Amino acid sequence: MRGLAHKVRRFVLPDPVQELDVEPKLAAIVRGRQLLALTDSTPAMLGVSLFNVLLTVAVLWGGVHSSALMIWATIAVIVLTAGVANYYKARAKHGYSAKPARSTSKAVQNSLLIGLVWAAVPVLFFNDAEWAQKVLITCLTAGMMGGAAIALSVVPAAASAMCLTIGAGGLIALIMSGEPVLYAACLLLANYAFAIMCATHTYGHRFVHEQVQQQEIAQSGKTIGLLLKEFEENAGDWIWETDKDGYFINPSARFIEKSGISEQELRASRLCDLRSSSPEHVSNAQSSNEFQAVSELMEKRSDFRDLAIEIGNVASPANAIWWSLSGRAQYDDAGIFIGYRGVASDITTRKMAELKLAQLARFDHLTGLANRSEFTESLRLRIKSQSASGPKVGVLYLDLDKFKSINDTLGHMVGDAVLKEVAARLEKTVGTQGTAARFGGDEFAVMLECPAGVNDALDTAHRLLAAFEEPIEVCGHRISMSGSIGIAIASRQKDDPEFLIHSADLALYRAKAEGRNMCKVYAEHMDVALKLRRELEIELREAVGRDELQLVYQPLAELGSGEAVAFEALLRWHNPVRGLIQPDMFIGLAEETGLIHEIGDWVIRQACKDAMKWPGKQKVAVNLSAKQLQGFRLIHQVIDALTESGLPAQRLELEVTESVLIQDPEMTKALLTNLRTLGVKISLDDFGTGYSSLAYLVNFPLDKLKIDKSFIHAANESNQSLAVVRSILGLAKALNITTLAEGVETSAHVEMLRSEGCEEIQGFLLDRPLEPAEILKTMHYPINNVSFENEAAKQQWREDLDKRSRQFIRDEHLQKLDETQRIA
């Protein structure tokens, strides 16, 4: 019941200020606004009310008691006059004070008193009046209710008090009349009063809500003003404004300070007048474009945000100043454009850092030359702009020969110094004819104007090669250099820069393949070789998973007995389209692409499995690539292969070359020592062709030396080669290392090696590489000559061995020739 009563009271005497629950100070201001609006309508309300009093007296005179009518009229004039006086008094005293609520209560009391005055008319005079006078009283009652609602709606409680009082008087008069037809009028009057109160309630709340919003907006405006003032005084940003013609207005102190010109000059300037015009600015063209973009947006009266522009520096015209601008078009209440307002900030430091990063992104940080991206874009623009009759564009792709050895032996500091010197010589030699760039590492490129076509490019290339041949002195070292150059000429306007660079790269590849320190011009057949290489790479990747790889085995025999003591695993690739492919056609490719690890793992596993099928205890020898010795992954692969196959570790022999040992000696030594600890044998292949350092034999764990076939073939004809073979055999014997001679192809080789004390041999004299199934057929080779009956038998033995060897060699050469033709 209490809640219902509260709702009824809020509807009958609503107080929007209290219902909105605003803070006291704001509530006082809003109530003052209510009183101000109320008193603004008071003169009109007083005039209408006095006119109604006179009209009521004139119409009812003679139809009702005259004395009562005059008494009512006198009281009405007094009450109305006093009420108006009270309104003005409240406004003068409490309109904007801290406690205007008392004045609002007074307004409700005055409204209630005035309502009683008008409610007395139907109560006192309705029953005695004639029908025409009753109509007037009814209209007067309804009109005063509506007028009160309109005049007092800013204070809904006052309007409700007057309307309810007048309406109550009308209802009493209608009920006292005793006429049934007027009972229906009671309902109409009550409905009318309810509608008026609802409208008053709504308008009153709307008025108060608007006043609250206005005060909050005004307060926010003051706060924003203070914040903006503090912002301009303390922050790095500032406010800028223009009029409709684009001229600055109301420039702040910070704006004047940042622009570097006086307030008068700034007021007479537009944004475009601040543009940098110094010819020393490298970014002047870019600055013009940025200002043009801002000007176009302002002409379209579009908003913009965080646009960077370059401003002229009065104090130092050569130094760039960058601002970030945000702006919004401003319009007056009539929707007419009046200018721009926005925020600006100094972003010079950030912009300089961005430009530095952009510079680093386009140029090589070490040499200062253009990088690949910048070079390619410049080449694209140059090709696009060349005419059919104009000079051709050429690209020279340059690579330093064996530069890696400088970094490896002298360090990267020396290598960097060499690259800087090379870049300087490159720019000096090319001069204004072209543009030089560094692509990375020791790779450089030159874009060249070639009026005489390829001859100009060749002339520049030869001058570059001559410039690089002059020794470089850096960090106390005198370094001799050479380079290889590939040349490509753009023949058509539609030539793609990437294709041109690629063509020059192909020509460079050919120059390096043919001996280095030379230049080559691109030809279409170079693409064919590259295409073949790419096709082989794709097919090789697929070959590993398709079981296209196969191992064949070449025997290693003991020289004294002819017994096979080991078989060397040789890899073959049975391509379904190209047929049998020898390892020298794809092993290098496998190393470059990283497939060598997968292939090498397969070879070790398969060789161990095949060796387990042999009837004796022959070893299986597997060649290792340098890539396989670059980590301890190899040890795990060997352990897995031995475990999977069951092969004893002593029957696995791993072969390495001298070049492998010098790349990372410490790593290689640790790796080979671990393998030898497992029981695996280590063999040094092709001994004598590389550095042949005695330190290898002392420091590295080696079980066997394989003397290169070049010494074996020359030993019977050259005393120097024979001396080398004797030295190697003597040294190995002293170090207790087994020796094996490679490439044994004649009986003379056998007799020479036997007489010098070599222990094992390998070559076509024994047999050609055998399929796994063929190994089981023979484990002994006819190289023992201890049982000859006479010289004729010995000569026959020699002829048989030599014939056997020639047949194997002939078959091998024919097979390789056929393979080369098929691949080509």
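In what follows, the structure referred to is the one given above.
K.L.:
I'd like a rundown of the environment of methionine 518, residues and numbers included.
P.N.:
Here methionine 518 lies in the loop between helix H18 (497-513) and strand E12 (519-521). The exposure class assigned to methionine 518 is partly exposed, which follows from its relative accessible area of 24%. Separated by 32 residues in the primary sequence, methionine 518 and glycine 486 have C-alpha atoms spaced 8.7 Å apart. Residues in contact with methionine 518, not counting those within four places in the same chain, are Leu465, Gly483, Ser484, Ile485 and Ala511.

K.L.:
So what's going on with the nonpolar core? Which residues, and what values?
P.N.:
The biggest cluster of nonpolar side chains holds 80 residues, and the ones touching the most others in it are Tyr553, Ile599, Val638, Leu652, Leu654, Leu705 and Leu753. Of all the elements, helix H21 (residues 596-611) adds the most residues to this core, at eight residues. For leucine 705, the contacting residues outside a window of four places in its chain are Leu684, Phe687, Leu697, Ile728, Ala732, Ile737, Thr738, Thr739 and Leu740. Core analysis: the second largest hydrophobic core is formed by 46 residues, Met144, Ala161, Leu189 and Val208 among them.

K.L.:
Which residues make up helix H8 (residues 156-177), and what values do they have?
P.N.:
The first and last C-alpha atoms of H8 sit 31 Å apart over 22 residues, in line with the 32 Å expected at 1.5 Å per residue. Counting buried positions along H8 gives 16 out of 22 residues, so the element sits mostly inside the fold. One or two residues past the end of H8 sits glycine 178, with phi positive at roughly 75°.

K.L.:
Give a detailed account of the packing of helix H22 (residues 633-645) against helix H24 (residues 665-678), specifying residues and quantitative values.
P.N.:
When two helices pack together, their arrangement is given by the angle between the helix axes and by the axis-to-axis distance. Between H22 and H24, the least distance of the axes is 10 Å, while the angle of their chain directions is 15°. Classified by the interaxial angle, the pair formed by H22 and H24 is roughly parallel. The crossing of H22 and H24 is right-handed. Where H22 approaches H24, its residues Leu634, Ile635, Val638 and Ile639 are matched on the opposing element by Leu671, Asn674, Leu675 and Leu678. For the contact of H22 with H24, the per-class residue count stands at seven nonpolar, one polar and no charged.

K.L.:
Let's hear about the sheet that holds strand E1 (residues 237-242): which residues, and what values?
P.N.:
On the basis of which strands lie adjacent, the open sheet formed by five strands has the order E2-E1-E5-E4-E3 and antiparallel pairing. At either margin of the open sheet sits one strand with a lone partner, and together these are strand E2 (248-249) and strand E3 (304-311). Here six bridges tie E1 to strand E5 (residues 337-346), and the two strands are oriented antiparallel to one another. Across the sheet, the residue bridging to aspartate 237 is serine 345, located in E5.

K.L.:
Which residues make up the packing of aromatic side chains, and what values do they have?
P.N.:
Scanning the entire structure with this criterion turns up ten aromatic pairs. Geometrically, the ring pair formed by phenylalanine 337 and tyrosine 340 is edge-to-face, given 5.9 Å between the ring centres and 70° between the ring planes. The pair phenylalanine 337 / tyrosine 340 is uniform in exposure class, with both members buried. Taken together, Trp240, Phe304, Tyr331, Phe337 and Tyr340 form an aromatic cluster joined through their ring pairs.

K.L.:
Residue-level account of the sheet that holds strand E8 (residues 443-450), with values.
P.N.:
Spatially, the five strands line up as an open sheet ordered E7-E8-E6-E11-E12, and their pairing is mixed. Pairing within the sheet leaves two strands with one partner each, and these edge strands are strand E7 (434-440) and E12. Each adjacent strand pair in this sheet contributes to an overall mean axis angle of 20°, direction not counted. Bridge count between strand E6 (residues 392-400) and strand E11 (residues 483-490): eight bridges; the pairing is antiparallel. Directly across from valine 393, in E11, lies its bridge partner alanine 490. Those strands touched by helix H14 (residues 372-385) are E6, E7 and E8, and its axis lies near 15° from that of E8. Packed onto the sheet, H18 meets E6, E7, E11 and E12 and runs at close to 145° relative to E11.

K.L.:
Could you give an account of the environment of isoleucine 172, with specific residues and numbers?
P.N.:
Position of isoleucine 172 relative to the elements: it lies in helix H8. Since its relative accessible area comes to 41%, isoleucine 172 is described here as partly exposed. Separated by 52 residues in sequence, isoleucine 172 and alanine 120 have C-alpha atoms that sit 10.0 Å apart.

K.L.:
Any chance you could break down the packing of H14 against H18 for me, citing the residues and the numbers?
P.N.:
It is the contact of H14 with H18, at a shortest axis distance of 9 Å, that shows an interaxial angle of 115°. Overall, the two elements H14 and H18 adopt an arrangement that is roughly perpendicular. Taken as a pair, H14 and H18 cross one another with a handedness that is right-handed. Contacts between H14 and H18 involve Arg372, Phe375, Thr376, Leu379, Arg380 and Ile383 from the first element and Pro497, Glu498, Leu500 and Ile501 from the second. Its residues assigned to classes, the contact of H14 with H18 comprises six nonpolar, one polar and three charged.

K.L.:
Let's hear about a nonpolar patch on the surface: which residues, and what values?
P.N.:
Judged by side-chain polarity, Val123, Leu124, Ile172 and Met176 come together as a nonpolar surface patch covering roughly 340 Å² of accessible area. Those elements that place two or more of their residues in the nonpolar patch are helix H6 (101-125) and H8. Among the secondary structure elements, leucine 124 is positioned in helix H6.

K.L.:
Provide a residue-level description of the side chain of aspartate 364, including the pertinent values.
P.N.:
Considering the arrangement of structural elements, one finds aspartate 364 in the loop between helix H13 (348-362) and H14. Classification of aspartate 364 by relative accessible area gives buried; the value is 12%. Within the structure, the side chain of aspartate 364 is placed 3.1 Å from the side chain of arginine 438, a separation counted as a polar contact. Other than its neighbours up to four places away in sequence, aspartate 364 contacts Leu369, Ala370, Asn371 and Arg438.

K.L.:
So what's going on with helix H17 (residues 454-469)? Residues and values would help.
P.N.:
Along its 16 residues, H17 runs 23 Å from first to last C-alpha, staying within 8% of the 22 Å computed at 1.5 Å per residue. For H17, every residue scored as buried is listed here: Ala457, Thr460, Ala461, Leu464, Leu465, Ala467 and Phe468. For H17, the arc enclosing every buried residue in end-on projection is 160°, short of the 170-degree limit, so these residues lie on one face. As for H17, its buried residues are in contact with E6, helix H16 (412-430), E8, E11 and E12.

K.L.:
Could you give me a rundown of unusual backbone geometry, with the residues and numbers involved?
P.N.:
At asparagine 250, a residue that is not glycine, the phi angle is positive and equals roughly 50°. Turning to its location among the elements, asparagine 250 is positioned in the loop between E2 and helix H10 (253-259). Phi is positive for asparagine 736, close to 60°, though the residue is something other than glycine. Tracing the sequence through the fold places asparagine 736 in the loop between helix H27 (719-734) and strand E20 (738-741). Overall, the relative accessible area of 70% leaves asparagine 736 in the exposed class.

K.L.:
Please provide a residue-by-residue account of the pairing of E5, values included.
P.N.:
Bridge analysis of strand E4 (residues 321-331) against E5 gives nine bridges, and the strand direction is antiparallel. For alanine 329, the partnering residue across the bridge sits in E5 and is tyrosine 340. As consecutive antiparallel partners, E4 and E5 are separated by five residues, and within that stretch glycine 335 has a phi angle of approximately 80°, a positive value.

K.L.:
Can you break down the pattern of salt bridges residue by residue, with the values?
P.N.:
In a structure, side chains of opposite charge can pair up when their charged atoms sit close to one another. A full pass over the atoms with the stated rule returns 21 salt bridges. With a shortest N-O distance of 3.0 Å, arginine 768 and glutamate 774 are connected by a salt bridge. Judged by its relative accessible area of 31%, arginine 768 falls in the partly exposed class. The network of salt bridges with common partners includes Glu568, Glu655, Lys706 and Glu742.

Cut-offs and rules
Residues numbered from 1 in each chain as written. Predicted model: local features only at pLDDT ≥ 70, side-chain atom pairs only at ≥ 80, totals over all residues. Heavy atoms only, no water. Helix = DSSP H or I, 4+ residues; strand = E, 2+ residues; numbered from the N terminus. Buried < 20%, exposed > 50% of the residue type's maximum accessible area, 1.4 Å probe, protein only. Contact = heavy atoms within 4.5 Å. Core = buried A, V, L, I, M, F, W, Y, C linked by side-chain atoms within 4.5 Å. Expected span 1.5 Å × (residues − 1). Axes fitted to C-alpha atoms, helices over the stretch in contact; angles between N-to-C directions. Parallel < 35°, antiparallel > 145°, perpendicular 65-115°, else oblique. Left-handed = near helix turned anticlockwise from the far one by under 90°. Nonpolar A, V, L, I, M, F, W, Y, C, P; charged D, E, K, R; others polar. Pairing = 2+ DSSP bridges. Phe/Tyr/Trp six-rings, centres within 6.5 Å; stacked < 30°, edge-to-face > 60°. Patch = residues over 30% accessible without salt bridge, like charges linked within 9 Å, V, L, I, M, F, W, Y side chains within 5 Å. Areas by Shrake-Rupley, 256 points an atom, 1.4 Å probe, with all protein chains shown as cover. Salt bridge = Lys/Arg side-chain N within 4 Å of Asp/Glu carboxyl O. Polar contact = N/O pair within 3.5 Å; in protein donor to acceptor, adjacent residues only side chain to side chain. Arc of directions from axis to C-beta.

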